[in-house]
Amino acid sequence: MTAITLDGVATATALKQELRDRVVALRAQGVVPGLATLLVGDDPGSRLYVAGKHKDCAEVGIESLRIDLPGSATSADVRAAIKDLNSSREVTGYIIQLPLPVGHNENAMLELIDPAKDADGLHPTNLGRLVLGIEGNLRSPLPCTPAGIVELLRRYDVPIVGQKVVVVGRGLTVGRPLGLLFTRKGLDATVTLTHSRTVDLAGEVRRADIVVAAVGVPHLIEADWVKPGAAVLDVGITRVAGVDGGKSRLLGDVHPDVASVAGYLSPNPRGVGPMTRAMLVSNVVKAAEQSLTA
Ligand SMILES: Nc1nc(=O)c2c([nH]1)NC[C@@H]1CN(c3ccc(C(=O)N[C@@H](CCC(=O)O)C(=O)O)cc3)C=[N+]21
């Protein structure tokens, strides 16, 4: 048996097509969504991700603005850029590309984002609303990778309600908010959030109907850790430099042999990454739609 591929490229393309129609409707009402990215330093991976985000915006028909600060930028420089983005009329949503170079306090910077313009859903107010949303109906942008994972599972009709989900990794952008999302009413999964101090990680993963690996340890999840038929989502990425200046390679957190055991497998690349980008655009479009009814 070989796993059904959870194709992030095809699914993100379908999603972006739907978003494009909604942007046409918004423009007809005089609303032009605009996304900005704030990038500090010249990490090649980060530059690539930011470039991808601008390409997505162009595809969907939304304006985008790119602010790049040099690696030598001080925290005061970053704060000033955030202040400008908060007050810019053209920018309806923006993200601070993470990680920031060492020396910057990421959480302090995230707190300075206007929550109404927080396209990543990482401002404390929006993370708080993610928690409050379990009982209430508070609308807030959801963190893009968790939202993309749930959307991918839904579009392939992978059952979530009542299922055992094991999330490997408790980082701010994936693991921690994903656990909150999966336990919300409507999704109703039973979540185990594991991390580097978890005892018997293999045993935890073996119980899971859905495994999400988001740690950045190449090929951590082995085939004999996976329950036959389980859905496995490979999120972590490790960039390995090419030999003799050759092309760099991307390694996911999931061993390739898992494909012969799992029922569903999101590859990496071409799985959750493109979904993350599509959900970012979705957050910007949603925020613009809400500005009409607010
Ligand atoms: N404020 C902030 N928000 C983020 O959402 C955020 C961030 N910072 N920092 C870094 C991580 C990582 N991330 C990815 C997005 C798309 C791909 C993606 O599209 N990857 C392609 C491959 C691209 C390649 O070849 O490198 C794929 O999976 O097919 C990957 C990773 C968003 N992040």
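Our structure is the block above this text.
Residues numbered from 1 in each chain as written. Predicted model: local features only at pLDDT ≥ 70, side-chain atom pairs only at ≥ 80, totals over all residues. Heavy atoms only, no water.

A. Structural detail: the site of the ligand. Looking at the ligand, there are 16 residues lining it, with Ile-96, Leu-98, Asp-120, Arg-239 and Arg-270 nearest. Backbone polar atom of Ile-96 to a nitrogen atom of the ligand: 2.6 Å apart, as the coordinates give it. Taking Arg-277, its side chain carries an N or O atom lying 3.2 Å from an oxygen atom of the ligand. Secondary structure elements with two or more residues in the shell around the ligand: helix 2 (44-60), strand 9 (237-240) and helix 9 (272-293). For the shell around the ligand, the element with the most residues is helix 9, which contributes four residues. Taken together, the residues of the shell around the ligand sort by class into eight nonpolar, three polar and five charged. Mapping the shell around the ligand onto the domain boundaries places at least three of its residues in each of domain 1 (18-129) and domain 2 (144-274). (Near = heavy atom within 4 Å. Polar contact = N/O pair within 3.5 Å; in protein donor to acceptor, adjacent residues only side chain to side chain. Helix = DSSP H or I, 4+ residues; strand = E, 2+ residues; numbered from the N terminus. Nonpolar A, V, L, I, M, F, W, Y, C, P; charged D, E, K, R; others polar. Domains from an automatic or database assignment.)

B. View of unusual backbone geometry. Looking along the chain, the bond that leaves Leu-98 and enters Pro-99 is cis, with omega of -5 degrees. Topologically, Pro-99 is positioned in the loop between strand 4 (93-96) and helix 4 (106-110). Omega for the bond connecting Asn-268 with Pro-269 falls within 30 degrees of zero, at 5 degrees, which places this linkage in the cis form. Even without being glycine, Asp-188 reaches a positive phi, approximately 55 degrees. Inspection of the secondary structure puts Asp-188 in the loop between helix 7 (175-182) and strand 6 (190-194). A positive phi angle, close to 55 degrees, is found at His-219, a residue other than glycine.

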